[in-house]
Amino acid sequence: MDVILNNIGLLLTAIGGTGFFTFLFTKGKYKVDVLQAKENAETTAIDNDVKLSSHYKEILDDLKQRYESRFNEYDAMMQRKVNLLEEENKLKDRKIKLQQIEIAELKRENRQLKANAKASIT
């Protein structure tokens, strides 16, 4: 029984010692791997930020073009509206002049009728 316990103790010591020595030797390698992974993560984050900023720049450039396009459309529409209102004012001015001419003719006709009525009464 002592032999078995002794062998088990030796086995555990060998496994533990091997694990300890493995840990000591690979500890530096793990530090390097962690530093490389951290550096890769930072590089990837920087690349993503650069790509994102260029994407935002494209969006803003497109926004400027769309704004200018919409503004030009709006400006053209307002110019057409102004032209339409100016034409409408011209038509109303012509209509007023025609009505003034008609009023003058009706007044002249009214004076003639009054003069004829007075002449027929006397």
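Here's what I pulled together on the structure shown here. Quantities reported herein were computed from a predicted structural model and do not represent experimental measurements.

The next subject is the pattern of salt bridges. Oppositely charged side chains can form a pair if their charged atoms are brought close together. A complete count under the given rule lists four salt bridges for this structure. A salt bridge links Arg66 to Asp62, with the shortest nitrogen-to-oxygen separation between them at 3.3 Å. Of the two residues, Arg66 and Asp62 are both situated in helix H1 (residues 2-121); the distance of four residues between them amounts to about one turn of the helix. The exposure class of Asp62 is partly exposed, given its relative accessible area of 35%.

On to the packing of aromatic side chains. How two aromatic rings sit relative to each other is given by the distance of their centres and the angle of their planes. Scanning the model with the defined rule gives one aromatic pair in all. On the numbers, 6.4 Å between centres and 20° between planes, the contact of Tyr67 with Phe71 is stacked. Of this pair, Tyr67 and Phe71 both sit in helix H1, four residues apart, which is roughly one turn of that helix. Looking at Tyr67, the relative accessible area reads 57%, which means it is exposed. Taking relative accessible area as the criterion, Phe71 reaches 44% and is therefore assigned partly exposed.

Thresholds applied
- Positions within a chain are numbered from 1, following the residues in the order the chain's sequence is written.
- Only residues with pLDDT of at least 70 are given local features in this predicted model, and only at 80 or more are side-chain atom pairs given and counted; all residues enter the totals for whole chains, interfaces and linings.
- As a convention, hydrogens and water are excluded, and side-chain values are obtained from all of the structure's heavy atoms.
- Note on definitions: salt bridges are taken to be side-chain nitrogens of Lys or Arg within 4 Å of carboxyl oxygens of Asp or Glu.
- Secondary structure follows DSSP: runs of H or I at least 4 residues long count as helices, runs of E at least 2 residues long count as strands, and numbering of each begins at the N terminus.
- Only protein chains enter the accessibility calculation, which uses a 1.4 Å probe. A residue is then buried if its area is under 20% of the maximum for its type, exposed if over 50%, and partly exposed in between.
- Any Phe, Tyr or Trp ring, taking Trp's six-membered ring, that has another such ring centre within 6.5 Å forms a pair; planes under 30 degrees apart are called stacked, those over 60 apart edge-to-face, and the others tilted.

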